[in-house]
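Tertiary structure, described
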Amino acid sequence: MLFSKLQVLALGLTLASEVTARAVDVDTESMYSRQQDLVTWDDHSLFVRGERVMVFSGEFHPFRLPVPGLWLDVLQKIKASGYNCISIYIDWFLLEGEPGEFRAEGIFDLQPFFDAAKQAGLYVLARPGPYINAEVSGGGFPGWLSRVPGALRTNTDEFIGATDNYIKEISKVIAKNQISNEGPVILLQIENEYQHALDGYDMPSYDYWNSVKGQFRDTDIAVPIINNEAHQYGYITAHTPASVDIYGHDGYPLGFDCENPQSWPEDGLPTDWLAINNEIAPDTPYTIPEFQGGGFQHWGQAGFANCALLLNMEFERVLYKNNYAVGATIFNIYMIYGGTNWGNLGGHMGFTSYDYGAQITEERQLWREKYSEVKLQANFFHVSPAFLEADRFNSSLQFTDNDAITVTPATTNSTNFYIARHTDYRNTESVPYRLTVKTVDHGEIDIPQLGDSLVMNRRDSKIHVSDYPVGDKHVIYSSAEVFTWKKYDDKTILVVYGGPDEHHELAVANDDSDFSILAGSEGENISVQSTKDDYTIISWDISDDPEDRKVVRVHSDFYIYMLNRNEAYNFWVPPTGAGSDYGTSDVILKAGYLMRTAQVDGTTLHLVGDVNATTPIEIIGGAPAELEALTFNGRSLQFTQSNFGVVKATVDFEAPDIKLPCLSHLQWKKIDSLPELSGDYDDSAWVDANLEESPNDRYPIKTHVSLRAGDYGFHTGSVLFRGHFTANGKESSFEIEPQGGSASGSSLWLDDTFLGSYLGEAGVVNGTITADIPALEDGSEHVFTLVMDHMGLHDNYVVGEDMLKDPRGIQTYDFPGHKSSDIAWKITGNLGGEQYADKVRGPLNEGGLFVERQGFHQPSAPTGAWDEGKPTDGMSEPGITYYTATFDLDISEGYDVPLAFKFDDDVSDGVYRAQLYVNGYQYGKFVPLMGPQYRFPIHEGILNHHGENTIGITIWAQERGGAKPKGLGWDVSMVTETGFGQIELSPAPRWEEREGAY
Ligand code: GAL
């Protein structure tokens, strides 16, 4: 979230006066970086093992996909589109939910992730925080930090001390996977957008920064350290008293208004970044550790489909190319795969899905055009090393004849790049323009020479080139954009593309002037002309036929493919799949949905990929000259090979027969999850809420004892309170203010009498329940039971605001006729609190409902004596009921069949909240009153596609008269045949009687 600097809020904030400042060594200035020479840099780019690299990276949070068996799948999809790096946040809260106990096993073990990254051929930018923001609960800070005195993210012994264990442990894991140990990690980012503070706090605090950096450097972390300022303030650069090796800043220029996906903000295009970067970081590569790849969404907002529209392929063309224009050569797109806020890991503002409208959907699918668009861009960098060396200049009107087009040049002594866009970047009109390019041998050339103009259709931007080397061939200029090229022993292939209804021109030096048009109609949609200046111009029009292509052979061995962009989308330059191969293979081919790897083995070519339809394959380069065998996912394909070496084959696709059990016909069992309402309920095992002072120093408590869940170690899921009192006979009303975070709800009972609910409101963290109290007998004993939905903790973005400490629990209550202390409170959240019961699914997965405390949401709960009943039967009274059923799935092997559970969002039969459990993992928090999410994808691996599954649903009816959910069903997304192979199931321990469960 990008806030401007905030003023101190009138909240009675405690300043960090009683805490101890940590002594800091003088910054030892990159001492450790110099101990390794594998990752170095200059002002233009990073070098890995001495070679310049464009770090083209996408953000992926392993913890948002709790199926290690699927990590390689997503990483291969990232790699296949041309990325060579991924950036990962690491969520401290999930790894040290219990203070002092770092637990990173099973789904939390990062070693398989690093191994998969290496196998896929992706470098890693590790971002362990300790603060990460990331729309996760607490911004990655464990809930128990709310009890650490003083301001968080400042240089106090208390705060730094609290981070020591985590940093020590996580550093070991990262260090082991550094490039110097043959691992994929090449960069480390510490902290996150450390830039905003309330007045009264140092910003930046160099002492703080040096402490954090020292903590990491004191371990074996040797790769360069970078930062990510939210805006280019230059607080911490290579030259400030506390430094980073490489300075970086983030950018989310289109914002998050996904309600209006067509509307780009007027001043959204950054135009001053280059100038500022030249001021503050002139000698490090231009680094953007986070650039918008989609958008987050909150309760009640438009939803991610809309974000995918706002941040679509046009956004990528215009905004990403604008970054390349300023020279961003360490570039990370946030997110490339968003994933899921399963098990309460999300912050309170967000809902379960974290799809983000990213290139890869939450269900790991690639059908968004933005995925294919970035594939075109990323591949360009693999074959355009000159782009990394080019000097950058400000954008200008001087290269075109039309002021409506602005061009940013990037030049070297020979090769030049011209990044053209609409001057008003939001323009959706078609704008004709001519472009002047510089060439070494032919001086300035005004293009097109054989047509009137180029054209910029809709929102677009293009990278035109001049003096562009293609192996030992030379392209004098091309208005069409380069996708890829390869030089083989017997030929060179260049693939360029342009959009529908565009005119393009490309010129090559004459040699023997032998041109053949292999596809296209001379004089109609393509023409080839030699000039007196000894070069030849190919000029062509692109139709709106999505498969439109022209092919010209020059000099007998230089094949130029000129594709409609939509045709180019189907082309791939797959990786070899050999571990630690951070480049691509030599194979260029047209295929369908996904090409994961291409491996040449003698005279055999092995392709691995996914198809969603019968798919023609056309290998235009890289197949062995005398191909003897071609396989796709291990099976042999019939093929032909032309004289030019082009191989053609077809991959047949047969849709599997998918049989899903009808959910309403399952043998559902149910159990009341609010036994607390029964008269003889014994809550003696609950925690006494007896802290007269809160260890959370954000502001003083307003009740006689702390009723903040975090003070008692409860940070996740539902929290329940029991307030015992002796009546005096004069009770008439009761008012209580629970604070569960955005969109939270709560319900209140007196003994077994329902008093009312607060239904919640998106963006509002607390609400009030006001109730009339029935006549009570003087001296009689009673108990209030309050259930509060804990939506997650606030993040901790602004230093000094300490929003992590914004408590969850009862803020205040008013019981006329009684003192606050007349009520003796008990509290419970998840069983064990910070000593959480389920070490496998982690510290946040389960909340404090009776069924969760008992572990009944896991498979094999003791349902023998439970009643029969299904969620859609409905409840006639307010309360909480848990429903569970088992079913088998038998999905055909070899297919990726993404399954989701879909609720009906109609609450006309009563407002309710629901939680969905799949094999013990909380995989959905459904709040129909808020929306927008009502469809909950369940990853294979959580769902067993080839065996038994347990589904569990808590329905919390919040209104008098109960609630009746209108429907629950399956939803199947696009089915593909996949070459990925079998997916290992995530561990799903079964129910066992829990010691001490109440
Ligand atoms: C950035 C922040 C990320 C994430 C993003 C929005 O400012 O660094 O962690 O919160 O905003 O999705």
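Residue indices follow the written sequence of each chain, beginning from 1 at its first position. Only residues with pLDDT of 70 or above have their local features reported here, since the model is predicted, and side-chain atom pairs are shown and tallied only from 80 upward, although totals for entire chains, interfaces and linings are computed over all residues. Working from all heavy atoms in the structure, the side-chain values ignore hydrogens and water.

**Details of the overall build of the protein**
Assigned secondary structure in the protein consists of twelve helices and 56 strands. Radius of gyration: C-alpha atoms only; globule rule: 2.2 Å multiplied by the number of residues to the exponent 0.38. Taking 30 Å as the expected radius of gyration for a compact globule of 998 residues, we find that the protein reaches 30 Å, a close match to that expectation. Throughout, exposure labels follow a simple rule: accessible area from a 1.4 Å probe, protein chains only, divided by the maximum for the residue type, with under 20% read as buried, over 50% as exposed, and the rest as partly exposed. Among the 998 residues that make up the protein, the fraction classed as buried is 66%. Pairs at least 24 residues apart make up 74% of the contacts formed inside the protein by residues separated by at least 6 positions. Accessible surface is estimated by sampling points in the Shrake-Rupley manner with a 1.4 Å probe; for residues, cover comes only from the protein chains shown. Surface summary for the protein: the accessible area is close to 32,900 Å², and the carbon and sulfur share equals 46%. Strands are runs of DSSP state E lasting at least 2 residues, helices are runs of H or I lasting at least 4, and numbering of each runs from the N terminus. Any two residues whose heavy atoms approach within 4.5 Å are treated as being in contact.

**Looking at the sheet that holds strand β37 (residues 669-672)**
Whether two strands pair depends on DSSP finding at least two bridges between them. Taking strand neighbours across the sheet as the criterion, the six strands line up as β47-β37-β48-β54-β51-β52 in an open arrangement whose pairing is antiparallel. Unpaired on one side and paired on the other, β47 (867-868) and β52 (921-926) mark the two borders of the sheet. As paired strands, β37 and strand β48 (residues 879-888) are joined by four bridges and run antiparallel to one another. Within the sheet, the bridge partner assigned to Lys 670 lies in β48 and is Tyr 883.

**Some words on the state of the cysteines**
Note on disulfides: each one is a pair of cysteine sulfur atoms within 2.5 Å. Evaluation of the coordinates by the stated rule reveals one disulfide. Disulfide pairing places Cys 258 opposite Cys 307 at an S-S distance of 2.2 Å. Taking the sign of the S-S torsion, 105 degrees for the link of Cys 258 and Cys 307, the bridge is right-handed. With Cys 258 in the loop between β8 (225-226) and α6 (273-280) and Cys 307 in helix α7 (residues 304-310), this pair connects stretches of sequence that are 49 residues apart. Residue classification places Cys 258 among the buried residues on the basis of a relative accessible area of 1%.

**Overview of the environment of Ile 132**
With respect to the secondary-structure elements, Ile 132 resides in the loop between β6 (123-129) and α4 (157-176). Accessibility expressed as a relative area gives 0% for Ile 132, which makes it buried. Sequence separation of Ile 132 and Glu 193 is 61 residues, and the distance between their C-alpha atoms is 8.4 Å. Setting aside residues up to four positions removed in sequence, Ile 132 forms contacts with Phe 63, Tyr 89, Ile 90, Asp 91, Arg 127, Gly 139, Gly 140 and Asn 192.

**Describing the domain arrangement of the protein**
By domain assignment, the protein separates into domain 1 (6-19 + 27-354), domain 2 (387-597), domain 3 (692-828) and domain 4 (843-977). Each domain's extent is set by a domain assignment, obtained either automatically or from a database. If you average the C-alpha positions of domain 3 and of domain 4, the two centres end up 27 Å apart. Between domain 3 and domain 4, the contact holds 25 residues from the first and 20 residues from the second. By buried area we mean how much accessible surface two parts lose on assembly, using a 1.4 Å probe and totalling the loss over both. When domain 3 packs against domain 4, the two sides together hide about 1,600 Å² of surface, and 59% of this comes from carbon and sulfur. The largest share of the area that domain 3 buries against domain 4 comes from Thr 716, Phe 754 and Leu 759, three residues that together contribute 35% of it. Here a salt bridge means any side-chain nitrogen of Lys or Arg lying within 4 Å of a carboxyl oxygen belonging to Asp or Glu. For the pair domain 3 and domain 4, the interface holds two salt bridges. Note that Asp 789 and Lys 925 form a salt bridge whose closest N and O atoms lie 2.7 Å from each other. The definition of a polar contact used here is a pair of N or O atoms within 3.5 Å, where within protein one atom must be able to donate a hydrogen and the other to accept one, and adjacent residues in sequence count solely through side-chain atom pairs. Taken together, the connections running from domain 3 to domain 4 amount to twelve residue pairs in polar contact (both at pLDDT 80 or more).

**A few points about the site of the ligand**
To be near a molecule or strand, a residue needs just one of its heavy atoms within 4 Å of it. The ligand sits among 16 residues. The nearest are Tyr 89, Asn 133, Glu 135, Glu 193 and Tyr 356. In the environment of the ligand, an oxygen atom lies 2.8 Å from a nitrogen or oxygen atom belonging to the side chain of Asn 192. At 2.5 Å from an oxygen atom of the ligand is found a side-chain nitrogen or oxygen belonging to Glu 193. For the ligand, whose accessible area on its own is 300 Å², the fraction buried by protein is 100%. When the residues that make up the shell around the ligand are grouped by side-chain class, the tally is ten nonpolar, two polar and four charged. All residues other than Ala, Val, Leu, Ile, Met, Phe, Trp, Tyr, Cys, Pro, Asp, Glu, Lys and Arg, Gly among them, are scored as polar; the first ten of these are nonpolar and the last four charged.

**Remarks on the sheet that holds strand β50 (residues 899-903)**
In space, the three strands of this open sheet follow the order β53-β50-β55, with antiparallel pairing throughout. With partners counted over all chains shown, the strands left at the sheet margins are β53 (935-938) and β55 (968-972), one partner each. Neighbour to neighbour, the strand axes of the sheet diverge by 30 degrees on average, direction disregarded. Here β50 pairs with β55 via five bridges, running antiparallel. Whenever a helix is involved, its axis is fitted only over the stretch in contact; in every case the axis is a line through C-alpha atoms, and angles between N-to-C directions fall within 0 to 180 degrees.

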